[in-house]
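Close look at the chain arrangement
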Amino acid sequence: MPTNFYDSDDFKNIDFKPLNPLYYPTEYQRYIKEETDLIKQHINGKTALEAGVGIGRLIPDLAPIAKEFVGIDNADLMLQNSKERAEGFSNVRLVKGDLENLSHLFPSKYFDVSLCVWNTLGNVKDEVVVLSELAKVTKERILVSVHLKGALEQRKNWYKTVGLSMDGVDEKNEIFYNTKSGLRSKAYSLEEIEAISKNAGLVVADHKILAGVVLWVEIESLPK
Ligand SMILES: C[S@@+](CC[C@H](N)C(=O)[O-])C[C@H]1O[C@@H](n2cnc3c(N)ncnc32)[C@H](O)[C@@H]1O
């Protein structure tokens, strides 16, 4: 069983660069800026969940404006880093758990808004299960961002720039693999995200293309 990439020394040894926008090519820096502004508008004064919180990259931006911010991740290394970023914010809680199991970890419709950004959805085993679980714990919207299909060359350059070795690539479907850790990173078209949402019983309410490389979608989390 390979070690989870996000828990591995490989990730530590490249200084977590894939989650640090300082190291990104220009268009990815622009994506991060545009996305952070959008997220801020949505979570101001709200109780928010970040599904796949990573190193807590967004905590310094979001904790000061959210009512409550909860981050969940299944990688200890990520939680350790995000806990450091959360120091001093009394409204932040970090939880270890699997995104396929959210409804067992949080009360029904506990969060106003949920985030599943920077292609976390493109890493999970089953996107439909993760979206369904997010809907169970979210009242209003689920904010998702994924690699946009059609930006393969920019994406290759991004992996190279941040030092992330993806040793397998399915160019036709735009899926990259790190065979050692089992990391898989997919890209999507809007139609594919709409179909996944539909399979989870959900509807895409709005979308945007950010910096030509990332697809941002807002999924309505209807009351059940
Ligand atoms: C691409 S990173 C994004 C991190 C963060 N959202 C950001 O924007 O900087 C994906 C994160 O999701 C976590 N993750 C992936 N699959 C998961 C799962 N099934 N359950 C919990 N966490 C998961 C990984 O450990 C990693 O920290």
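Please refer to the structure placed before this passage.
Here's what I pulled together on the structure shown here. Please read all numbers here as calculations on a predicted model, not as lab measurements.

Observations regarding the overall build of the protein chain
Along the protein chain, the regular secondary structure elements total eight helices and 11 strands. A compact globule built from 224 residues should have a C-alpha radius of gyration of about 17 Å, and the protein chain, at 16 Å, falls within 12% of that. When the backbone C-alpha atoms are referred to their principal axes, the protein chain occupies close to 40 × 40 × 35 Å. Looking at the protein chain residue by residue over its 224 residues, the buried ones come to 41%. Across the protein chain, every contact between residues at least 6 apart in sequence was considered, and the portion connecting residues at least 24 apart equals 66%.

Some remarks on the site of the ligand
Residues in contact with the ligand amount to 20 residues; listed here are only the nearest, Tyr-6, Gly-52, Gly-54, Asn-74 and Trp-118. Of the residues belonging to the shell around the ligand, the class tally is nine nonpolar, six polar and five charged.

What to know about the nonpolar core
Generally speaking, soluble globular proteins have nonpolar side chains that are buried together. In terms of nonpolar packing, the biggest core is built from 62 residues, with Ala-48, Leu-62, Cys-116, Leu-134 and Val-144 touching the most fellow members. Excluding residues that lie within four positions of it along the chain, Ala-48 makes contacts with Ile-43, Leu-62, Ala-66, Phe-69, Phe-111, Asp-112, Val-113, Ser-114 and Leu-115.

Here we look at the pairing of strand β10 (residues 203–210)
A regular strand places its side chains so that they alternate between the two faces of the sheet. Across seven bridges, the pairing between β10 and strand β11 (residues 214–220) is antiparallel. When the sheet's bridge partners are listed, His-207 is paired in β11 with Val-217. Hairpin connection, β10 to β11: the antiparallel pair is bridged by three residues, and Ala-211 has positive phi, about 50°.

What about the environment of Leu-22?
Here Leu-22 lies in the loop between α1 (9–13) and α2 (26–43). Placed 140 residues apart in sequence, Leu-22 and Val-162 show a C-alpha to C-alpha distance of 9.8 Å.

As for helix α8 (residues 190–199)
Along α8, the residues that are buried comprise Ile-193, Ile-196 and Ser-197. End-on, the buried residues of α8 take up no more than an arc of 100°, which puts them together on one face. Of the residues in α8, the exposed ones pointing more than 90 degrees away from the buried face are Glu-191 and Lys-198. Against α6 (127–137), β5 (138–148), β9 (187–188), β10 and β11 lie the buried residues of α8. Positioned one or two residues after α8, Gly-201 has a phi angle of 80°, which is positive.

Quick notes on the packing of α6 against α8
Remark: α6 packs on α8, axes separated minimally by 8 Å, with the N-to-C direction vectors making an angle of 60°. With respect to each other, α6 and α8 are oriented oblique. The way α6 lies across α8 gives a crossing that is right-handed. Touching Glu-127, Val-128 and Leu-131 of α6 are Ile-196, Ser-197 and Asn-199, all from α8. Split by residue class, the contact of α6 with α8 holds three nonpolar, two polar and one charged.

Describing the sheet that holds strand β6 (residues 168–170)
Spatially, the three strands line up as an open sheet ordered β6-β7-β8, and their pairing is antiparallel. The open sheet is flanked by β6 and β8 (183–185), the only strands paired with a single partner. Here the strands of the sheet are splayed against their neighbours by 15° on average, with no regard to which way each runs. Bridge count for β6 against strand β7 (residues 175–178) is three bridges, and the pairing is antiparallel. Counted as the bridge partner of Asp-170 is Ile-175 from β7.

Basis of the calculations
- Residues numbered from 1 in each chain as written.
- Predicted model: local features only at pLDDT ≥ 70, side-chain atom pairs only at ≥ 80, totals over all residues.
- Helix = DSSP H or I, 4+ residues; strand = E, 2+ residues; numbered from the N terminus.
- Rg over C-alpha atoms; globule rule 2.2 N^0.38 Å.
- Buried ≥ 20, exposed ≤ 12 C-beta atoms within 10 Å, placed from the backbone.
- Contact = placed C-beta atoms within 7 Å.
- Near = placed C-beta within 6 Å.
- Nonpolar A, V, L, I, M, F, W, Y, C, P; charged D, E, K, R; others polar.
- Core = buried A, V, L, I, M, F, W, Y, C linked by C-beta atoms within 7 Å.
- Pairing = 2+ DSSP bridges.
- Arc of directions from axis to C-beta.
- Axes fitted to C-alpha atoms, helices over the stretch in contact; angles between N-to-C directions.
- Parallel < 35°, antiparallel > 145°, perpendicular 65-115°, else oblique.
- Left-handed = near helix turned anticlockwise from the far one by under 90°.

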